[in-house]
Amino acid sequence: MEQKRVAVIRLKGDVGLKRGFRDTFKMLKLYKKQNCVVMKNTPEYIGMLNVINDCATWGEIDEETFKLLLQKRGRLARKKSLTEDYLKDKLKTTIADFARDFFSFKKELSDIPGVKLFFKLSPPRHGFEPKGLKAHFSMGGALGYRKDKINDLLRRMM
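Residues numbered from 1 in each chain as written. Predicted model: local features only at pLDDT ≥ 70, side-chain atom pairs only at ≥ 80, totals over all residues. Heavy atoms only, no water.

### Quick look at the pairing of strand β2 (residues 35-40)
Counting buried positions along β2 gives 5 out of 6 residues, so the element sits mostly inside the fold. Pairing of β2 with strand β4 (residues 119-120) involves 2 bridges; the strand directions are antiparallel. When the sheet's bridge partners are listed, N35 is paired in β4 with K120. (Buried < 20%, exposed > 50% of the residue type's maximum accessible area, 1.4 Å probe, protein only. Helix = DSSP H or I, 4+ residues; strand = E, 2+ residues; numbered from the N terminus. Pairing = 2+ DSSP bridges.)

### A closer look at helix α1 (residues 19-27)
Of the residues making up α1, those classed as buried are F21, T24 and F25. Each buried residue of α1 lies within a common arc of 100° when the element is viewed along its axis, so the set occupies one face. Turned more than 90 degrees from where α1 packs its buried face, R19, K26 and M27 sit exposed. Those residues of α1 hidden inside the fold are in contact with β1 (5-10), α2 (43-51) and β3 (56-60). Among the residues trailing α1, K29 stands out with phi positive, at a value near 65°. (Arc of directions from axis to C-beta. Contact = heavy atoms within 4.5 Å.)

### Some words on the environment of G127
In this fold, G127 is placed in the loop between β4 and β5 (144-145). Through-space distance from the C-alpha of G127 to that of L153 is 9.6 Å; in sequence the pair is 26 residues apart.

### Examining the pairing of β1
Remember that side chains alternate between the two faces of the sheet whenever the strand is regular. Judged by how many residues are buried, β1 sits mostly within the fold: 6 of 6 residues are covered. In this sheet, β2 lies alongside β1 in antiparallel orientation, the contact comprising 5 bridges. Within β2, the position partnered with R5 by the bridge is K40. Sheet analysis places β1 next to β3, joined by 5 bridges and oriented antiparallel. Looking at β3, one finds that I9 is bridged to T57.

### Comments concerning unusual backbone geometry
Phi is positive for K79, close to 60°, though the residue is something other than glycine. Within the secondary structure, K79 sits in the loop between α3 (63-73) and α4 (84-90). Under the relative-accessibility criterion, K79 is labelled exposed at 69%. At K147, a position not held by glycine, the phi torsion is positive, near 50°. Tracing the chain through its elements places K147 in the loop between β5 and α6 (150-157).

In structure tokens:
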């Protein structure tokens with residue numbers, strides 16, 4: 001079975017959430033609304049995603065979208081952008097090469113010194129799906145598992 005990377009986007013804030021939801025979001029490093037993390041597709045993480053099913057959306061991210069995410073929304077300490085020059089200086093690689101190694105599980109995001117492990121996104125252009133943040137993706141809303149359609153949402157939120 002080929003392992004893939006999963007992108008998770010937090011869609012709801014902290015107000016009114018139960019402690020289990022908050023703790024799970026904290027473990028995933030999803031501290032605020034409209035934040036995104038990219039992680040391995042392992043049973044442990046899928047169990048955590050099932051807990052936050054009603055407050056987040058996730059799906060399999062492709063390499064091209066991840067490369068765009070790094071270029072546009074990758075951040076270092078003190079709100080500096082992650083640049084091609086920084087990667088060449090620290091890791092002697094380009095963003096495209098790093099994305100390829102990341103998807104072949106040779107490198108992790110934490111291998112880049114000083115990078116933030118989450119991406120801050122803006123609300124999606126043209127809004128969420130018709131039923132919004134109250135229904136699951138399979139029922140016309142924005143929440144829950146959305147397979148590879150997560151790439152479309154990520155591109156609209158960059």
